Structures are given as C-alpha cells and as structure tokens.
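Here is what each chain is made of, one letter per residue.
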Amino acid sequence: MSRPSKRVIVGLFAATAFALLLTGCGGGSRSGEAGTGSASSGGCSGSCQDTATRLEASQARDIVAQAVTEAQARNAPATIAVVDRVGNVLALFGMNGADDFVTITSRDGVDGGLEDIEFIPGTLAAIAKAKTAAYLSSEGNAFTTRTASQIVQAHFNPGEFKTAGGPLFGVQFSQLPCSDLATRFESGSGSDAVGPRRSPLGLSADPGGVPLYHNGTVVGGIGVIADGIYGLAPKSLGGGDPANAAITDEAIAVAGAFGFSAPPDRRGDRITVEGKTLRFTEIGPSGLATDPRNAPAFATLDGGVAGQLVDDGPAQAYYRAAAGVVTGSAFSKADSGIRSSTRPAFAGQDAFVLVDNADTPRFPPRAGTDGASLPVAELAANEVETILSEALAVANRARAQIRRPLGSRARVTISVVDTRGEVLGIVRGRDAPVFGIDVSLQKARTAAFFSSADAASGLNGVPDAEYLDAKLDAGTALPTVKRAERIGQYVDAAQDFLGLPTALEDGAVAFADRSGGNLSRPFYPDGIDGNPPGPFSKPGGHDAPTEWSPFSVGLQLDLSYNAIIQHVAFAAGLIGADTPRNCTGVGGLSAGFAVGSPIDTVRSGIQIFPGSVPIYRGDELVGGIGVSGDGIEQDDLISFLGLHNASERLDTGIGNAPPRMRADRIAPAGFDERLRYVQCPQKPFLDSDDQRVCSGK
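Residues numbered from 1 in each chain as written. Predicted model: local features only at pLDDT ≥ 70, side-chain atom pairs only at ≥ 80, totals over all residues. Heavy atoms only, no water.

Chemist: Run through the packing of helix α2 (residues 57–73) against helix α5 (residues 247–256), naming residues and quoting values.
Modeler: Two numbers describe how α2 lies on α5: the axes approach to 7 Å, and their chain directions differ by 140 degrees. With respect to their mutual orientation, α2 and α5 come out oblique. Crossing handedness for the pair α2 and α5: right-handed. Contact residues: Ile 63, Gln 66, Ala 67, Glu 70 and Ala 71 in α2; Ala 251, Ile 252, Ala 255 and Gly 256 in α5. Looking at the contact of α2 with α5 residue by residue, the class counts come to 6 nonpolar, 2 polar and 1 charged. (Axes fitted to C-alpha atoms, helices over the stretch in contact; angles between N-to-C directions. Helix = DSSP H or I, 4+ residues; strand = E, 2+ residues; numbered from the N terminus. Parallel < 35°, antiparallel > 145°, perpendicular 65-115°, else oblique. Left-handed = near helix turned anticlockwise from the far one by under 90°. Contact = heavy atoms within 4.5 Å. Nonpolar A, V, L, I, M, F, W, Y, C, P; charged D, E, K, R; others polar.)

The structure is reproduced here in structure tokens:
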C-alpha cells in the first residue's frame, strides 16, 4: 500500500489551516530474565508499588537496544516507544527507514470512521501501543495490545460468531488526546507536570504493545510499529500462528521487554473471562531472531545506522529528545500523579487519589455545580464523599474477575459527577489499572448525560463528523472530505428504535452504561448475527462492504472524530493548534476545526461498556457514578450497590433511579428483549456467601 510522504501531507494540511514468554518477573538484567526477581510474581498483588520502583533511564536504553537488535535481524525498520506506568514517554526511537506514517485499517471493505486513514504518524502509533500495555496492566494482571484486540471486537472471542461483543467493547476510545482528565506533556511547570497522560490514538488494539515489569510491579510499557499498519488481530486463535496479525511488531516488543517481562502467573493467558482464556502474545522464545542478552549498548544505536531518538513533528506533543532517555516516575508516589489518600473519610480503605505537581488532590469530594438548574438540591460534598466511600467498600469486599492470585479483591477507580459533567470526586483502590481512571469518568458522565433531558438537544447541536477520504491526492489542494455524518441522526434512530418519540429529550428514562451499550452494538440483541444494529452503532456484518469496525463504531467515535483528527495533525506539526480539552463540538477539516456547541457533560468522550449508573434524588437526576478497572459485572456491582448503600447510610433521598424509570423496562420496537440496566455477579463477595445482592434494590 503506497503512503503519502510527510512533505505531501504537510502541504495538504497547510493548505487548510526473548522476553514475555521467558521466565522472570523482570529485574532488568541482561544476563537472564530472572534478574533480581524470580519466575513468579514474588507475592506482588498491589503492595509492591509502595516501594519506589520505577524504570530508570539506563533500563529504558537497554529496552530500546534489545528491540532495535531484533528489528534489524528481521529487516523491519521500526519506531519504538518506552513509557512509564502513567504514560510519560521515556524514549522514542525511530530506526532508519521506519515509516513516517502508517495506515489505520482493520480489514478490507470497511467504509467509514478512522478506517484507511493514511497519515497517522508512526511515532503516535508506537506511543499509543506502549501506553495501552502499561495502562491495562497491574500487579494482578498483565495485558498486551493483543489482549486489548480480543476484548473490543464485535464478538468475544473474535471470529466466534453468534457471541456477544468483547467485554470492554468501546474502551479503545478512552484516554483520548482531547480528554480533560488526562494530562498533556508540556516542557514546563504547572498542573500538567504529572500523569496520567493522554494517549494520541486512545487505547490500541494493534499487537506490538507489551507491559514492562520490575520486581513484580508494572513500571511501564513498550510499543512497536514496523509493519506500516495500525490495526488489530482479527481472530484469537493462539498457537503462535505467524499469520495471526502483527507478529513482527510483537516479536520486536517481546525482545525489547527481555529482563522486564510480566510475571508468568499474572499474564493474560492465565486469566479467564466468561470461561474463555485471554491472549497475551502469539510468539514464544523460539520465535525470536536474536538473543536479547547480546544486544549492543544503546550508545552505539543513538545516531548510528540503526536510527536515533525522535523529537520532530509527531514527537513534539509527547517527548523531547534533547533531554535524552529519561527516568520514569515511581507509581503511587506523588510525582506519578497518583498517591495514597490521607482523607479521614477513606481511612482504612486502602484508597488512592490523583494529585497535581504540588501534591494537591485534583478531585477531592465537593458539592455539585448545577443547583440553579435543578428542581431539587444538588449533590452535597458529604453525599459525594459517602458515595465514593461506600463504592470503595464494595470493591474491597468484591472478588476480582481479572486479577490473580484467585481470591484477590477488585481494584477499580470510582468517579462521581453532577449533571453538567463536572467532576465531584475520584478515588481508586490500590494498584487499580490506570486505564480505569479516564474510563470511570467517561462512564459516570455518559450515564448522567443520556439520562438527562438535554441529551437530544446536545447531540443535535454539535458539528458533523467529517470523515476524510482515505486516499490523499498530492495533486489536490486539500484532503477530500468523504462525507459528513450528522450526530443528530443517532437521536432520530434511537427514538425510532425504542418506539419513544421523546427519548433522550424528556429525562424519563434512566440509562446505565450497560443500557447505552446495548444500543451501541452492531447487532441487537448483542451477538445475534444478521440482526439490525443498535441505533448508536454503524451497520455491522462479516462480509464487505460494511461500515462497522473497532475503528468505525458509530456515535461513540463520531462525537470525538474531528478532535482526534485535529490532534493527529497538530502532533505531526501539520497545523498550529492542538485539540481543545473537550472531545465534543470540534468542527471538521473544512471548518478549520473551529469549535461550536460542545457538550460539556461528556467532554472526555462517551463510554459504551458497563460500569455506571445515574444518581437520583427521588425522581430527579443529580449526577452519575462510574467504575472501571475489573470485570464489567464487578464494575456494575460497585457502582449500583455502592450508591444503594450510600443511600441507606445518608437517608437524604439520593440513590439509584426509581425502578419504574430504569431502561430495563424498555423493549425496543419489534423486539421481545428488554434493555439491560446492571448485571451483578451471582456470589460476588470474598467475606460472605450472599447471592443476588443487587436484586430488589
């Protein structure tokens, strides 16, 4: 596939405006995988992060050197990124001959969304892969971008038809570059000096991103792009099949991670979800072309025939090579942006909070900001604090789905917002995966927004998503806008689909994220191939042509599409203005990315997999709670039951939506199947045999 040169694309825009499967928990010693650790996790299940373990600059250099050596042996010039656990880019290396730009594609014949966009900087792809691996992993679970690919597609497992969508369907559109929660790299002081950082392309489903461990705890991730395609693994077959997508990228990442491998008993292929084993990597020790222990020193690579550190164009928004390879932050310490809480209300709950560069909590519990627009009292600060505390208490009792050892507690992030989407408080459990911070906020905002009387007007008021033509013609003055997708079309479709002419505009229905997720699948009911799509989805199908793919999902992407494109162009040095800290309301390329009528309530983008409920005072909406970081049923449990328990403790009228208002009372027109609201595990707690704990509440 031919790709436009950087020179051509700059002109066009200017015109407009041996590792992971070897033993060891990663000690950083090139003499062997064992390093300073052992073949197991060393007993780490969240507590090891209390030590000041971090990825040193010397270790990041070793990782790059090992990856480059494998890439050279495969004659596959690569771009390689190394990040710490909260997404700070420690090294960004471009080999001579590596693609300046790569193409987004999942498979031939998909028409729409980000599919076939050819001007994605390779540096951004590598960074997104590295951050994904770091953000999805913890001391209890090690996930790669191949794992991510398995859990975001239309079927779980991919390729197994007539099965429901992946459990984290839609998570790829989190950590977005336009998020107001994720921080931005700026070579100065200020509140953005610490993480967690945004990701240039959201979370990646393209194999080639691998987590990095040291002494049993996550210290970062490595991301590699060498094959020119930013895509996904269309199937989850296992067995090391070289044809199973992006094996080259993955092999280079595996070699780079030598000495920093995930503990074998924490890897995704030791974890089951819905009775299915997750994937980790598709290449074993025999698949590597080199012995990483023999890799030359990094100094011989920097400026040599292999390539050099990169800080031009795409790197400017994420890294400065002038500083050289840098040392990462120690997770759970203040300089990472996440540390243990000292708030009395969370005492004894193993709580952690987000802090700024002055070590001041970013999101302490506070009162709602929307009182003037509500017929009832807004959420009070003590109510927010109680909701967060009670939800965290449920998490601390709940049996984890995606963590090992078996019998671990769920580790999640919990966010509470008001009806305007303002953050009223965020708290996390120890060692909760980083991705859940942004996702929990997306979930809370999504539940509040779609349950409000303002959803229809908000969606009808934002600019169209302007899909760009995949093939840029160097002879034209501008990239071609293929077509404009009207965001309001999803309102029309939802009202017709639900048989409710005033849906999303009268506030009569309480939508949890599980409910909205039902409406966002390419088949309704979920997994029933051949059925029509939900009203928030693009039409799906296995045969080309089709409009649905993980890069073209419908409303979720379309709300943020223009903002993502603007950031890619900015990060590549093609235009002067970065995307705002609001993923909605950005105009398309033809409008010069001008902002018009953003939806502040969902400024970080929406989320479409379970783990949130709206918050009511009596019959009136006052906010939303979102939970993310473990299995989706655990996330549902913690949000729903945490809010219920807070309601009983406070007795101030706040709580879950009245049952008669919940979306599970609705069967879409022509279907017998109702929407879902929440789905709690049958026997969720570690300290009791209680079953059906959400029933009747």
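Having seen the structure, we can now continue with the description.
Chemist: A description of the sheet that holds strand β7 (residues 229–230) should follow, citing residues and the corresponding values.
Modeler: The 3 strands lie next to each other as β4-β3-β7, forming an open sheet whose pairing is mixed. Since the sheet does not close on itself, it has two edges, and those belong to β4 (120–121) and β7, each with one partner. (Pairing = 2+ DSSP bridges.)

Chemist: Tell me about the sheet that holds strand β13 (residues 413–418), and please be specific about residues and values.
Modeler: An order of β11-β12-β14-β13-β18-β17-β19 is seen for the 7 strands of this open sheet, with the pairing classed as antiparallel. Unpaired on one side and paired on the other, β11 (338–340) and β19 (654–655) mark the two borders of the sheet. Taken together, the 2 bridges between strand β17 (residues 612–617) and β19 define a ladder with antiparallel strand orientation. Pairing of Tyr 616 across the sheet is with Gly 655, part of β19. The sheet contacts of helix α6 (residues 381–397) involve β12 (351–354), β13, β14 (423–429), β17, β18 (620–628) and β19, and relative to β14 the element is tilted by about 25 degrees. Running at roughly 20 degrees to β17, helix α12 (residues 632–650) makes contact with β13, β17, β18 and β19 of the sheet.

Chemist: Report on the packing of α6 against α12, specifying residues and quantitative values.
Modeler: Remark: α6 packs on α12, axes separated minimally by 8 Å, with the N-to-C direction vectors making an angle of 130 degrees. As the angle between them shows, α6 and α12 are arranged oblique. The handedness of the crossing between α6 and α12 is right-handed. Judged by residue contacts, Asn 382, Glu 383, Thr 386, Ile 387, Ser 389, Glu 390, Ala 391, Val 394 and Ala 395 of α6 engage Leu 637, Ile 638, Leu 641, Gly 642, Leu 643, Asn 645, Ala 646, Arg 649 and Leu 650 from α12.

Chemist: Give me the side chain of Thr 163: which residues, what numbers.
Modeler: Structurally, Thr 163 is set in the loop between α4 (145–151) and β5 (209–214). Those residues within four positions of Thr 163 in sequence are excluded, and the remaining contacts are Ala 154, His 155, Phe 156, Asn 157, Lys 276, Gly 527 and Asp 529.

Chemist: Could you give an account of the nonpolar core, with specific residues and numbers?
Modeler: Among the nonpolar cores identified, the biggest contains 149 residues, and Ile 222 and Phe 450 are the most heavily contacted of them. Ignoring any residue separated from it by four or fewer positions in sequence, one finds Phe 450 in contact with Ala 455, Leu 459, Leu 504, Val 509, Phe 511, Phe 536, Leu 555 and Ile 606. Judged by nonpolar contacts, the second largest core, of 43 residues, contains Ala 351, Val 416, Ile 615 and Phe 685. (Core = buried A, V, L, I, M, F, W, Y, C linked by side-chain atoms within 4.5 Å. Buried < 20%, exposed > 50% of the residue type's maximum accessible area, 1.4 Å probe, protein only.)

Chemist: Give me the pattern of salt bridges: which residues, what numbers.
Modeler: Under the definition given, this model contains 39 salt bridges. Arg 266 is paired through a salt bridge with Asp 265; the nearest N and O atoms lie 3.3 Å apart. Accessibility expressed as a relative area gives 4% for Arg 266, which makes it buried. Arg 617 is the salt-bridge partner of Glu 383, the closest N and O atoms lying 2.7 Å from each other. Taken together, the residues span a long stretch of sequence, with Glu 383 in helix α6 and Arg 617 in strand β17 at a distance of 234 residues. Each member of the pair, Glu 383 as well as Arg 617, is classed as buried. Members of the salt-bridge network, linked through shared partners, are Asp 111, Lys 482, Arg 483, Glu 485, Lys 538, Glu 547 and Asp 558. (Salt bridge = Lys/Arg side-chain N within 4 Å of Asp/Glu carboxyl O.)

Chemist: Give me the state of the cysteines: which residues, what numbers.
Modeler: Summed over the entire model, instances satisfying the criterion amount to 3 disulfides. The side chain of Cys 44 participates in a disulfide bridge whose partner is Cys 48; the two sulfur atoms lie 1.9 Å from each other. What sets the handedness of the Cys 44 and Cys 48 disulfide is the S-S torsion sign, and at about -85 degrees it is left-handed. The pair formed by Cys 44 and Cys 48 is uniform in burial state, with each residue classed as buried. Here Cys 178 is linked by a disulfide to Cys 583, with a sulfur-sulfur distance of 2.1 Å. What sets the handedness of the Cys 178 and Cys 583 disulfide is the S-S torsion sign, and at about 100 degrees it is right-handed. Linking Cys 178 in the loop between α4 and β5 with Cys 583 in the loop between α11 (555–571) and β17, this pair joins segments that are 405 residues apart in sequence. For the pair shown, Cys 178 and Cys 583 are each scored as buried. Within the protein chain, bonded cysteines paired by disulfides and numbered along the sequence follow the pattern 1-2, 3-4, 5-6. (Disulfide = S-S within 2.5 Å.)

Chemist: Which residues make up the packing of aromatic side chains, and what are the values?
Modeler: Two descriptors summarise a pair of aromatic rings, namely the distance from one centre to the other and the angle between the planes of the rings. Following the criterion strictly, the structure yields 9 aromatic pairs and no others. On the numbers, 5.8 Å between centres and 10 degrees between planes, the contact of Phe 169 with Trp 548 is stacked. With Phe 169 in the loop between α4 and β5 and Trp 548 in the loop between α10 (513–518) and α11, the pair connects residues that are 379 residues apart, well separated along the chain. On the basis of relative accessibility, which here comes to 7%, the residue Trp 548 falls in the buried class. Plain terms: the ring middles of Phe 497 and Phe 671 are 5.7 Å apart, the flat faces sit at 40 degrees to each other, and that makes the pair tilted. Highlighted residues: Phe 497 in helix α9 (residues 489–498) and Phe 671 in the segment after β19, separated in sequence by 174 residues. Members of the aromatic cluster, connected to one another through ring pairs, are Phe 449, Phe 450 and Phe 536. (Phe/Tyr/Trp six-rings, centres within 6.5 Å; stacked < 30°, edge-to-face > 60°.)

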